[in-house]
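Close look at the chain arrangement
Chain by chain, the residues run as shown.
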There are 2 protein chains.
Amino acid sequence: MVTGPRPLVRQIDQRLTALIAALYPDERKRPGFGRLAQEIREKTGGTISATYLWELATGKKRNLTLEQLDVLADFFGVPPEYFFNDQVAERVDKQLQLATALRDQRIRSLAMRAEGLSPEALDSLLKMVDAARAMQDLRPMGDIPADSDGE
Amino acid sequence: MVTGPRPLVRQIDQRLTALIAALYPDERKRPGFGRLAQEIREKTGGTISATYLWELATGKKRNLTLEQLDVLADFFGVPPEYFFNDQVAERVDKQLQLATALRDQRIRSLAMRAEGLSPEALDSLLKMVDAARAMQDLRPMGDIPADSDGE
DNA sequence: AGTTTCTGTCAACTACTGCGGATGAAAAGG
DNA sequence: CCTTTTCATCCGCAGTAGTTGACAGAAACT
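Rules used in this analysis
Residues numbered from 1 in each chain as written. Chains lettered and ligands numbered in written order. Predicted model: local features only at pLDDT ≥ 70, side-chain atom pairs only at ≥ 80, totals over all residues. Heavy atoms only, no water. Near = heavy atom within 4 Å. Polar contact = N/O pair within 3.5 Å; in protein donor to acceptor, adjacent residues only side chain to side chain. Helix = DSSP H or I, 4+ residues; strand = E, 2+ residues; numbered from the N terminus. Nonpolar A, V, L, I, M, F, W, Y, C, P; charged D, E, K, R; others polar. Least-squares fit on C-alpha atoms with pLDDT ≥ 70 in both. Contact = heavy atoms within 4.5 Å. Phe/Tyr/Trp six-rings, centres within 6.5 Å; stacked < 30°, edge-to-face > 60°. Buried < 20%, exposed > 50% of the residue type's maximum accessible area, 1.4 Å probe, protein only. Lys NZ or Arg CZ within 6 Å of the ring centre and 35° of its normal. Expected span 1.5 Å × (residues − 1). pLDDT = per-residue confidence, 0-100. Salt bridge = Lys/Arg side-chain N within 4 Å of Asp/Glu carboxyl O.

**Some thoughts on the protein's contact with DNA strand D**
- Around DNA strand D lies a shell of 18 residues, among which A:Gly32, A:Trp54, B:Ser49, B:Tyr52 and B:Thr65 are the nearest.
- Protein-proximal atoms of DNA strand D, defined as those within 4 Å of the protein, fall in sugar or phosphate at a share of 79%.
- The side chain of B:Lys61 places a nitrogen or oxygen atom 3.0 Å from a base nitrogen of DNA strand D.
- Separating a sugar or linking oxygen of DNA strand D from a side-chain N or O atom of B:Gln68 is a distance of 3.1 Å.
- Looking at the surface near DNA strand D, the elements that each hand over two or more residues are helix H2 (33-44) and helix H3 (50-57) of chain A together with helix H3 (50-57) of chain B.
- Class assignment for the residues of the surface near DNA strand D results in 6 nonpolar, 8 polar and 4 charged.

Quick look at the structure:
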């Protein structure tokens, strides 16, 4: 069917890649779609394939079912609306920024699932982190060796 | 795989029938799934079939795709999360009660799309409507002749 | 009465979501 | 160096989301 794409189903790819980047800030250690799919399966008990994950991330498929939406939302710890509600996405992205800035595995997953802080609170927290980083004369995030993982 | 149904996809049938009942309070004038599907198609430009609508309302199918979710949410004027987020559903249902109580086509669709009032505000509005109804000695809603429709 | 329209329901079909299994390239590890 | 693992990408298939077209019963109309 050649139905013009409904607005809801437009930005899945961007949202998904943003989540992946947020969960694995260090590009060097970031797993491929194969390993990622396996992790999702183990952690959520749901089923998702590496191929489909890639198709979603590259925008080749975008009209997913509620079940797959739930699996993804469950794994990344975001509300399902994140994938199509701009307002929710904006707030969550703020939290992701904070989590990335803190660069600690435990705090990161906590923050991703918190969903309780206002954008203003998150903004000031981000500013505090920036200030602390400047005082300690740290390089801009990106080339700092990542932590060794461990659930 | 026999994956147990994810929690997200459980109450679609109830939500859908609730929406239909809210939009057409008078059972006598309520259209069947055939006419309803046609209305949805005309109003939203999306595609949905009468049979599928029935399958959803009776719980025979429940794992719909984002595109169909968008069509339904668009037609009924509710946020897409209504179908799987209990918190949103509760708030919207309050609005639907109010709209049904007022029994005016225009106000009804307006209220369905408002999404701005708190549950407390809606509660007091509902109480006011009840009080007004009692003072006017109206019969309990249900057998009042419905308005003649018109977009 | 008969006829026409609408209802819910089902079975057969189509189309696309979602997956397994290739492929070659590039790391990693020996 | 070679071998093994992991990567992105593709092709084709299975299963199911979603449609079409039928059916009989119940209204509504004449």
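So that's the structure; there's more coming.
**Looking at the relation of the copies chain A and chain B**
- Mapping chain A onto chain B calls for a screw motion: a turn of 179° about the axis and a shift of 0.0 Å along it, with 0.1 Å RMSD after fitting. A rotation of that kind, with that shift, is consistent with a two-fold axis. For chain A, the smallest separation between a C-alpha atom and the rotation axis is recorded for A:Thr65, amounting to 2.0 Å.
- When the interface residues of chain A are mapped onto chain B, 92% of them are again interface residues, pointing to one common binding face.

**So, the packing of aromatic side chains**
- Under the criterion given, the structure shown has 5 aromatic pairs over all chains.
- When the ring of B:Tyr82 is compared with that of B:Phe83, the centres are 5.5 Å apart and the planes differ by 85°; the resulting orientation is edge-to-face. For the residue pair B:Tyr82 and B:Phe83, the accessibility class agrees, reading buried in each case.
- The side chain of A:Arg15 reaches across the aromatic face of A:Tyr82, ending 5.8 Å from its centre.

**Quick notes on the side chain of A:Arg6**
- Relative to the assigned elements, A:Arg6 resides in the segment before helix H1 (12-23).
- Polar contacts involving the side chain of A:Arg6 include one to the side chain of B:Asp74, which spans 3.2 Å.
- Beyond its immediate stretch of four places on either side in the chain, A:Arg6 contacts B:Thr44, B:Gly45, B:Gly46, B:Glu67, B:Asp70, B:Val71 and B:Asp74.

**Examining helix H1 (residues 12-23) of chain B**
- Between its first and last C-alpha atoms H1(B) spans 17 Å; for 12 residues at 1.5 Å apiece the expected length is 16 Å, and the two agree.
- Taken together, the buried positions of H1(B) are B:Ile12, B:Asp13, B:Arg15, B:Leu16, B:Leu19, B:Ile20, B:Ala22 and B:Leu23.

**Section: the confidence of the model for chain A**
Residue and element names in this part refer to chain A.
- Looking at chain A, the pLDDT average stands at 75 and 62% of residues meet or exceed 70.
- Summarising per-element confidence for chain A, the mean pLDDT is lowest in helix H6 (residues 105-114) (41) and highest in H3 (98).
- Confidence over residues 104-117 falls short of pLDDT 50; this stretch has 27 contacts with residues more than four positions distant or in other chains.
- This model gives residues 128-151 a pLDDT under 50, and the stretch forms 22 contacts once residues within four places in sequence are excluded.

**With respect to the interface of chain A and chain B**
- Contact with chain A, which involves 26 residues of that partner, is made by 24 residues of chain B.
- Linking chain A with chain B are 4 salt bridges, by the criterion used here.
- B:Asp70 is the partner of A:Arg6 in a salt bridge, and the nearest nitrogen-oxygen pair spans 3.8 Å.
- The interface formed by chain A and chain B contains 14 residue pairs in polar contact (both at pLDDT 80 or more).
- Examining the composition of the side of chain A that touches chain B, we find that 6 residues originate from one element, helix H4 (residues 66-76) of chain A, more than from any other.
- Here the side of chain A that touches chain B is built from residues that sort into 11 nonpolar, 9 polar and 6 charged.

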